[in-house]
Protein chains: 2
Amino acid sequence: MAAYIESLQHLAEQFGQLQGVGRKSAMRMAFSVLDMSEEEAAEFAQAIMDAKRKIHLCPVCQNLTDRELCHVCEDPQRDRGVICVVEDAKAVLSMEKVREYRGVYHVLHGVISPVNGITPDQIRLKELLARMEDEEVREVIVATNPTVEGEATAMYISRLLKPFGVKVTRLAYGIPVGGDLEYADEVTLYRALEGRRDV
Amino acid sequence: MAAYIESLQHLAEQFGQLQGVGRKSAMRMAFSVLDMSEEEAAEFAQAIMDAKRKIHLCPVCQNLTDRELCHVCEDPQRDRGVICVVEDAKAVLSMEKVREYRGVYHVLHGVISPVNGITPDQIRLKELLARMEDEEVREVIVATNPTVEGEATAMYISRLLKPFGVKVTRLAYGIPVGGDLEYADEVTLYRALEGRRDV
């Protein structure tokens, strides 16, 4: 489709690479770019480069940030005694909508998945263990997704943290099984947080 | 959402400007960019600038192109005696999938719409009239969309072209091939009935 307008086709292919974007949507987006002014297109292109260049992992919690520390880790009001462990940075966004949560995070950037060849050393567990040296830590809330792999990772973490004597909890089922934190509404997430249990 | 990672938020807003992209999708796309390599992101940004800079309107048919003439107008095999008039460049893509069509196009870039303040002089009608000077033109197929505005524009064009003595036709209405009567709306069914032919 549109192979004859090479630069349009190329742009559509770029959009098509993005997660969840099909061929037709990609072409529609490419057309949208043509409707922009030259300045708007330049700003768009710049935003892509900026995001890519500026955003890195927070050295403490591994969350994405464009500052030195992420906004949670640099906030003196947050309780460093409670660490919520999530699969990815999107889950932090979802959790942050629950204003009641005042602890900090740890982003794993994946889950253990033997099927996909993801072993424990390929996710940010070493960094989590390092944080356990801090005696302030009282509780680790494992908020991996309620999928088979998320569950297995939660179990692995709870065994891993046993020697440190911290309380390890898991978000309550309130999140639909097989779902994704990204799509959970605030109320469901709040209930899940409230009903968290020991594992 | 994610306001605290400024460059991520900014990128999501850029995606959100695109037609048919909601807030959640925009954020997911922004995250997708972070998963790209630096080179991939650079290529993406470049593709936006390239499309914007290189693509312009074909001086003959007003279709989008990144060459001097569009691929249809520069093709000596196409029949310049038949002009298919469409609302936008996307419609050309759709028509081109019908390999049987060997004529050329004229892209209006809009439809007449008094409600939205679009008058006849704001769409590419002048350019269409100019093409009528070419005595080769035998037929103009008006393929504007089957909407109120598309219909009105088709009527307007047919009156406009009367003095030139060319045949003016309109795409047939009917039930889509592979469709089901059950899902056809009344207006479509009525048109299909009206346009029935001997078999």
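Summary of the structure given here.

**Considerations on helix α4 (residues 89-96) of chain B**
Of all eight residues making up α4 of chain B, six are buried, and the element is well covered by its neighbours. Residues of α4 of chain B that are buried: Ala89, Ala91, Val92, Leu93, Met95 and Glu96 of chain B. Along its buried surface, α4 of chain B packs onto α2 (23-35) of chain A together with β2 (64-65), β3 (79-86) and β4 (103-107) of chain B.

**Here we look at a positive patch on the surface**
On the surface, Arg23, Lys24 and Arg28 of chain A together with Lys90 and Lys97 of chain B cluster together to form a positively charged patch. When residues of the positive patch are assigned to their parent elements, the largest contribution, three residues, is made by α2 of chain A. In this structure, Lys97 of chain B sits in the loop between α4 and β4.

**Concerning the pattern of salt bridges**
All names here are of chain A. Taken as a whole, this structure holds 16 salt bridges over all chains when the rule is applied. Note that Lys54 is salt-bridged to Asp50, the shortest N-O span being 3.9 Å. Linking Lys54 with Asp50, this pair stays in helix α3 (residues 38-54), spanning four residues, or about one helical turn. For Lys54, a relative accessible area of 44% puts it in the partly exposed group. The residue Asp79 makes a salt bridge to Arg138 at a minimum N-O spacing of 2.7 Å.

About the cut-offs
Residues numbered from 1 in each chain as written. Chains lettered and ligands numbered in written order. Predicted model: local features only at pLDDT ≥ 70, side-chain atom pairs only at ≥ 80, totals over all residues. Heavy atoms only, no water. Buried < 20%, exposed > 50% of the residue type's maximum accessible area, 1.4 Å probe, protein only. Helix = DSSP H or I, 4+ residues; strand = E, 2+ residues; numbered from the N terminus. Contact = heavy atoms within 4.5 Å. Patch = residues over 30% accessible without salt bridge, like charges linked within 9 Å, V, L, I, M, F, W, Y side chains within 5 Å. Areas by Shrake-Rupley, 256 points an atom, 1.4 Å probe, with all protein chains shown as cover. Salt bridge = Lys/Arg side-chain N within 4 Å of Asp/Glu carboxyl O. Lys, Arg positive; Asp, Glu negative; His and termini not counted. Charge placed at Lys NZ, Arg CZ, Asp CG, Glu CD.

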